Amino acid sequence: MKLYNSATHRKEEFVPHVPGKVSMYTCGPTVYHFAHIGNLRSYIMEDILEKYLRYIGYEVTRVMNITDVGHLSSDADTGEDKMLKGAQREHKSVMEIAQFYTDAFFADCEKLRIRRPEIVQPATGMIDAYIRVISRLLETGYAYQAGGNVYYDTSKLERYYIFNEHDEEDLAVGVREGVDADENKRNKTDFVLWFTKSKFEDQALKWDSPWGVGYPGWHIECSCICIHYLGEYLDIHCGGIDNAFPHHTNEIAQSEAYLGHPWCKYWMHVHHLNTQNGKMSKSSGEFLTVSLLEEKGFDPLVYRFFCLQSHYRKGLTFSWENLENARAAYDKLVARIASLDTDGAPDDPEAAPYEEAFRQPLGNDLNTSLAITRLYDVLKSELGGAAKRALIAQFDQVLGLDLLEKAARKQAEQAQVSVTASAGYTVTGEGDPEVDALVLQRAEAKKAKNFAEADRIRDLLKGQGIEVSDVPGGAVWRRV
Ligand SMILES: [Zn+2]
């Protein structure tokens, strides 16, 4: 397949380090709050990449970290500690917060059909590895101690910026956020590997180290967790585009200095989800979560479908109206699948070109919207219903939209409608013949002008939460 590599700024043919196998690393969430749907867009698109690689026959091993220590509110080592802030906000311990939001994150992932990686590693579980790697970086001169902390010396690198050419202005993160620059740093781009002189007196989690009691910086966890589980050569590292700098840039600096050779070959970055007011974030505007989508009556898979309708390297604008449109399209798609007949054989040889037509756009840097168009082409085709269903089942291994399951549920709901007719009077209900019979009795009582009996039955049904509406030629009932 062809994949756009942010490190080389072009689409490249994907060739894994070991034939047939793919090692894949994803930066996981910082578990101090719910994930917003902008973060989840990245995880959805990474999930598509993983599923596509499996679909075309690769064996994929995927690792994700969980950041439960060391991530400050500015990615450049300034600002408040996110975990500490979360714990204070909710009057809980840092570990309680971490557990709660880790569970919440995976619950959201499940609702969005994002596969859980084989290996999920909380940052606090790998302290020994950080100490080992930092020690080596100190020995080899890539790191230095200053003011009690250990820093990475970015001036030791031939090339620091991998993803883009930043100028000095962009680096003045501290200045931009009104936080004092760290006087200990030799170069503006240096970053903390280990904090001992923390400005957070009440930092909850601290560990012993050769440099004093303290805690790791944010970036070191990903390098160490990744190398520990996936070895010295990584095929694909993914994440949101806002992690490219400084986080991924620093991961490369650490990993390659430690290993002494190139580390990750392909970098996949998913672009922002925007609102009409700009980039979505937890701190500005409406805090959009999967739970909020559900509260507003949206199936989380409608959001997945919405994300798949655009390319992962383009910004996507979220609005309730756009999501409403996605819902209409998704419901219509499910209804079309539900109405397919069962004609023909599932393994029709005529189906092969349709499968190829689906595979091709995904293999070209994950063009998901074109892949969905190819799904509609199947529905429009001359193939029999059985072959169409078989293709949809295959495509959905990548798309993860539960299309056949939803269609089956829709059919079942439709089949549950009960119809009881008597003397030209038709009762349509939600699948309970006893209720149908009562509604019919009421109609007969009315016809016989026995209004007391008709009212008694109506009240009886009302007591069971059933609403009856008279329609031409009969009645329709539903539970309210
Ligand atoms: Zn990371």
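Residues numbered from 1 in each chain as written. Predicted model: local features only at pLDDT ≥ 70, side-chain atom pairs only at ≥ 80, totals over all residues.

Student: What exactly am I supposed to notice about the overall build of the protein here?
Tutor: Along the backbone of the protein there are 17 helices and 20 strands. By its C-alpha atoms, the protein is 100 × 55 × 35 Å across when sized along the principal axes. Put simply, the protein has 480 residues, and 40% of those count as buried. Counting contacts in the protein only where the partners sit at least 6 residues apart, residues at least 24 apart contribute 71% of the total. (Helix = DSSP H or I, 4+ residues; strand = E, 2+ residues; numbered from the N terminus. Buried ≥ 20, exposed ≤ 12 C-beta atoms within 10 Å, placed from the backbone. Contact = placed C-beta atoms within 7 Å.)

Student: Can you help me understand the sheet that holds strand β13 (residues 264-270) in this one?
Tutor: Sheets are built from strands that pair by backbone hydrogen bonding, the pairs being arranged parallel or antiparallel. In space, the 5 strands of this open sheet follow the order β7-β4-β3-β12-β13, with parallel pairing throughout. Edge positions in the open sheet fall to β7 (119-122) and β13, since each of these has one partner strand only. Adjacent strand axes in the sheet meet at a mean angle of 20 degrees, parallel and antiparallel pairs treated alike. Relative to strand β4 (residues 59-66), strand β3 (residues 21-26) runs parallel, the two sharing 6 bridges. Bridged to T26 within β4 is M64. (Pairing = 2+ DSSP bridges. Axes fitted to C-alpha atoms, helices over the stretch in contact; angles between N-to-C directions.)

Student: Would you take a moment to explain helix α14 (residues 385-399) for this structure?
Tutor: One turn of an α-helix holds 3.6 residues; hence residues three or four places apart share an orientation. Along its 15 residues, α14 runs 20 Å from first to last C-alpha, staying within 8% of the 21 Å computed at 1.5 Å per residue. Residues of α14 that are buried: A387, K388, R389, A390, L391, I392, F395, V398 and L399. A positive phi of about 65 degrees marks G400, the residue just after α14. (Expected span 1.5 Å × (residues − 1).)

Student: Teacher, can you tell me more about the nonpolar core here?
Tutor: Burial of nonpolar side chains together is a common tendency in soluble globular proteins. Formed by 114 residues in total, the largest nonpolar core has its most connected members in I134, L137, L193 and C226. The element best represented in this core is helix α1 (residues 37-55), accounting for 9 residues. Two domains each donate at least three residues to this core, and these are domain 1 (2-270) and domain 2 (290-412). In contact with L193, other than residues within four places in its own chain, are I134, L137, A143, V150, Y151, Y152, G217 and I220. Judged by nonpolar contacts, the second largest core, of 8 residues, contains V435, A443, V468 and W477. (Core = buried A, V, L, I, M, F, W, Y, C linked by C-beta atoms within 7 Å. Domains from an automatic or database assignment.)

Student: What is the right way to read the sheet that holds strand β14 (residues 273-275) from this model?
Tutor: Ordered in space as β15-β14-β16, the 3 strands form an open sheet in which the pairing is mixed. Each edge of the sheet is formed by a strand with only one pairing partner; in this case those strands are β15 (278-279) and β16 (316-317). In this sheet, β15 lies alongside β14 in antiparallel orientation, the contact comprising 2 bridges. Across the sheet, residue T275 finds its bridge partner in β15, namely G278.

Student: What should I look at first to understand the pairing of strand β8 (residues 143-146) in this one?
Tutor: Both faces of the sheet carry side chains from a regular strand, because those side chains alternate between them. Pairing of β8 with strand β9 (residues 149-152) involves 4 bridges; the strand directions are antiparallel. The partner of Y144 across the bridge, within β9, is Y151. The antiparallel pairing of β8 with β9 creates a hairpin that spans 2 residues between the two strands, and G147 there sits at a positive phi of about 55 degrees.

Student: Got a minute to help me understand unusual backbone geometry in this structure?
Tutor: Excluding glycine, residues mostly have negative phi values, and the peptide bonds linking residues are mostly trans. Cis geometry is found at the peptide bond from F245 to P246, where omega equals 0 degrees. Among the structural elements, P246 can be located in helix α8 (residues 244-259). Here the phi dihedral of D402 falls at roughly 55 degrees; this positive angle occurs in a residue that is not glycine. Of note, D402 is situated in the loop between α14 and α15 (403-415). The class for D402 is partly exposed, based on 16 C-beta atoms found within 10 Å.

Student: Help me understand the packing of helix α12 (residues 352-362) against helix α13 (residues 368-380), please; the structure alone is not making it clear to me.
Tutor: When two helices pack together, their arrangement is captured by the angle between the axes and the distance separating the axes. The N-to-C vectors of α12 and α13 enclose an angle of 170 degrees; their axes lie 8 Å apart at closest approach. Of the possible angle classes, the one that applies to α12 and α13 is roughly antiparallel. Packed against α12, whose contacting residues are Y354, A357, F358, P361 and L362, the element α13 presents L370, A371, R374, L375, D377 and V378 at the interface. Here the contact of α12 with α13 is built from residues that sort into 9 nonpolar, no polar and 2 charged. (Parallel < 35°, antiparallel > 145°, perpendicular 65-115°, else oblique. Nonpolar A, V, L, I, M, F, W, Y, C, P; charged D, E, K, R; others polar.)

Student: I tried to follow the environment of F163 on my own but got confused; where do I start?
Tutor: By secondary structure assignment, the location of F163 is in the loop between β9 and α5 (168-171). We classify F163 as partly exposed; it has 17 C-beta atoms within 10 Å. Excluding anything up to four places from it in sequence, F163 contacts S6, A7, A244, F245, H248 and T249.

Student: What am I meant to see in the domain arrangement of the protein here?
Tutor: Accessible area lost during the coming together of the parts is what is often quoted as the interface size. Examined at the domain level, the protein breaks down into domain 1 (2-270), domain 2 (290-412) and domain 3 (416-479). Distance from the C-alpha centre of domain 1 to the C-alpha centre of domain 2: 33 Å. If you look at the interface, domain 1 gives 20 residues, while domain 2 gives 20 residues. Those elements that provide at least two residues to the side of domain 1 that touches domain 2 are β1 (2-5), α1 and α3 (94-111). The element that contributes the greatest number of residues to the side of domain 1 that touches domain 2 is α1, accounting for 11 residues. Each residue belonging to the side of domain 1 that touches domain 2 can be placed in one class, and the counts come to 12 nonpolar, no polar and 8 charged.

Student: Which parts of the structure should I look at to understand the packing of helix α11 (residues 320-338) against α15?
Tutor: Look at α11 against α15: their axes get within 8 Å of each other, and the N-to-C directions meet at 70 degrees. In terms of their interaxial angle, α11 and α15 are classed as roughly perpendicular. Note on element contacts: α15 touches α11 through L403, L404, K406, A407, K410 and Q411, opposite V334, A335, I337 and A338. Split into classes, the residues belonging to the contact of α11 with α15 amount to 7 nonpolar, 1 polar and 2 charged.

Student: In this structure, what is going on with the environment of L440? I would like to understand it.
Tutor: Examined against the element boundaries, L440 turns out to sit in helix α16 (residues 433-447). Its 20 C-beta neighbours within 10 Å are what place L440 among the buried residues. For the pair L440 and A421, spaced 19 residues apart in sequence, the C-alpha separation works out to 8.1 Å.

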